[in-house]
Amino acid sequence: MRRRRVLWFWVFVGPFTIGLALFTYVPLLWSVGLSFFDAHNTVTPTHFVGLDNYVSMLRDDAFTGSLRTFLVFTAFIVPVTFALSLALALMVNRVRRARAFFRSVFFLPAACSYVVAALIWKMSIFNGVRFGLANTLLGWFHTDPVAWLSTTDPPWYWLVIVTVRLWLQAGFYMILFLAGLQRIDPVLYEAAAVDGARPGWTVLRHITLPQLRATSVAVALLLVVNAFQAFDEFYNLLSDARGYPPYARPPLVYLYYTALGQGQNLGLGSAGAVILALIIAVVTVGQARWLRLGRTEADG
């Protein structure tokens, strides 16, 4: 019986394990190995260069500038998405009728492709001509059209990038917060009402938010990691037939052009990818320790 269980375990799990190894772990290990070689236009290099690729990436102003772009993007998208998704969850949780309908409506954008959403934002809403939706609204107030994606002073392109990401992911994190809200014991709110606590900010601050601590930490971690991985909306919003502009270039876009652009420097691109992965790991671990992820009240 035990052998049969082991056999059926590998029958079901084996194909997924093999696929995960072939399409995830092997490419990751190959990329790490590739970062120590001079790999121009090839994935099977022979010239070992040691840490030269890493030194070149860290000295590259374009790469460090892409990291600054990430910091700006994170400063915008993480707190705004966190606050909006929490607000949506609180509103949906208070709805007594058609709660499933509102939950589905707010979550629906999460099923949309980032590429499709970016093209809609670029071609229909913020297309930079007077017939776009945003410029049409400005025309009602007798304001000149704005070239949203090509104006750098002020940097209106951030409005386009942040709003499309916000529309795409706020519903997903709303579902996480909603699940956390539904796990809160109603007895806590009843006890607060008996003690004279007024509904609103007092209950939210002293009961709801502390009970949502674990969910809030998970949402914050996911938001930061997803911000590091931003690519589709940046590339599809800002690139055109002339290429990608020098501004608002996040790390993955820069690495894409480094590894697959005109230079085809796969060794340099792999080194940049390893550096980015290490930064994500350090930031995630540091954020988890700062937010005391996994600790209980007894742990202090």
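Residues numbered from 1 in each chain as written. Predicted model: local features only at pLDDT ≥ 70, side-chain atom pairs only at ≥ 80, totals over all residues. Heavy atoms only, no water.

- The name an unreviewed UniProt entry assigns to the protein chain is Sugar ABC transporter permease, from the organism Streptomyces misionensis.
- A UniProt comment under Sequence similarities (unreviewed entry) is attached to the protein chain, and it reads "Belongs to the binding-protein-dependent transport system permease family."
- Recorded in UniProt for the protein chain, the comment headed Subcellular location (unreviewed entry) runs: "Cell membrane". (UniProt positions renumbered as here; feature names shortened; annotations may be inferred.)

Here we look at the overall build of the protein chain
Then, number 1: For the protein chain, the helix and strand inventory stands at 13 helices and zero strands.
Then, number 2: Starting at the N terminus, the α and β elements of the protein chain follow one another as α-α-α-α-α-α-α-α-α-α-α-α-α.
Then, number 3: Overall size of the protein chain, expressed as C-alpha extent along the three principal axes, is 75 × 75 × 40 Å.
Then, number 4: Within the protein chain, contacts between residues separated by at least 24 positions form 66% of all contacts whose residues are at least 6 apart in sequence. (Helix = DSSP H or I, 4+ residues; strand = E, 2+ residues; numbered from the N terminus. Contact = heavy atoms within 4.5 Å.)

Here's the deal with a nonpolar patch on the surface
Then, number 1: Residues Leu7, Trp8, Val11 and Phe12 make up a contiguous nonpolar surface patch of roughly 450 Å² in combined accessible area.
Then, number 2: Within the secondary structure, phenylalanine 12 is located in helix 1 (residues 2-34).
Then, number 3: Among the residues examined, phenylalanine 12 registers a relative accessible area of 56% and is labelled exposed. (Patch = residues over 30% accessible without salt bridge, like charges linked within 9 Å, V, L, I, M, F, W, Y side chains within 5 Å. Areas by Shrake-Rupley, 256 points an atom, 1.4 Å probe, with all protein chains shown as cover. Salt bridge = Lys/Arg side-chain N within 4 Å of Asp/Glu carboxyl O. Buried < 20%, exposed > 50% of the residue type's maximum accessible area, 1.4 Å probe, protein only.)

Things to note about helix 12 (residues 251-260)
Then, number 1: Those residues of helix 12 lying buried are Pro251, Val253, Tyr254, Leu255, Thr258 and Ala259.
Then, number 2: Tucked into the core, helix 12 has its buried residues touching helix 2 (52-59), helix 3 (61-94), helix 11 (232-238) and helix 13 (266-290).

Comments concerning unusual backbone geometry
Then, number 1: The peptide bond linking aspartate 153 to proline 154 adopts the cis configuration, its omega dihedral lying at 0°.
Then, number 2: Inspection of the secondary structure puts proline 154 in the loop between helix 6 (133-140) and helix 7 (157-182).
Then, number 3: Positive phi, close to 60°, is recorded for alanine 98, a residue that is not glycine.
Then, number 4: Looking at the secondary structure, you find alanine 98 in the loop between helix 3 and helix 4 (99-107).
Then, number 5: Residue alanine 98 is classed as partly exposed on the basis of its relative accessible area, which comes to 45%.
Then, number 6: Notably, histidine 142 is not glycine yet its phi reads approximately 60°, a positive angle.
Then, number 7: Along the polypeptide, histidine 142 turns up in the loop between helix 6 and helix 7.

Examining the packing of aromatic side chains
Here the distance between the centres and the angle between the planes together describe a pair of aromatic rings.
Then, number 1: Here the structure, examined in full by the defined rule, presents 21 aromatic pairs.
Then, number 2: Aromatic side chains phenylalanine 126 and tryptophan 148 sit 5.2 Å apart centroid to centroid with 80° between the ring planes, which places their arrangement in the edge-to-face category. Here phenylalanine 126 is found in the loop between helix 5 (114-125) and helix 6, whereas its partner tryptophan 148 is found in the loop between helix 6 and helix 7, with 22 residues between them in sequence. Just as phenylalanine 126 is buried, tryptophan 148 falls in that class too.
Then, number 3: Their ring planes at 80° and their centres at 5.1 Å tell us that phenylalanine 172 and tyrosine 173 sit as a pair that is edge-to-face.
Then, number 4: Tyrosine 173 gets classed as buried once you look at its relative accessible area, which sits at 1%. (Phe/Tyr/Trp six-rings, centres within 6.5 Å; stacked < 30°, edge-to-face > 60°.)

Overview of the packing of helix 7 against helix 10 (residues 213-228)
Then, number 1: Between helix 7 and helix 10, the least distance of the axes is 10 Å, while the angle of their chain directions is 160°. It follows that helix 7 is roughly antiparallel to helix 10 by the angle criterion. Note on packing geometry: the crossing formed by helix 7 with helix 10 is right-handed. Facing helix 7, whose interface residues are Arg165, Gln169, Tyr173, Leu176, Phe177 and Gly180, helix 10 presents Thr215, Ser216, Val219, Leu222, Leu223, Asn226 and Ala227. (Axes fitted to C-alpha atoms, helices over the stretch in contact; angles between N-to-C directions. Parallel < 35°, antiparallel > 145°, perpendicular 65-115°, else oblique. Left-handed = near helix turned anticlockwise from the far one by under 90°.)

A closer look at the packing of helix 5 against helix 7
Then, number 1: Relative to each other, helix 5 and helix 7 sit at 135°, their axes nearing to 10 Å. Classified by the angle their axes make, helix 5 and helix 7 are oblique. Note on packing geometry: the crossing formed by helix 5 with helix 7 is right-handed. Between helix 5 and helix 7, the contacting residues are Tyr114, Ala117, Ala118 and Trp121 on the first element and Val160, Thr163, Val164, Arg165, Trp167, Leu168 and Gln169 on the second.
Then, number 2: Looking at side-chain class alone, the contact of helix 5 with helix 7 contains eight nonpolar, two polar and one charged residues. (Nonpolar A, V, L, I, M, F, W, Y, C, P; charged D, E, K, R; others polar.)

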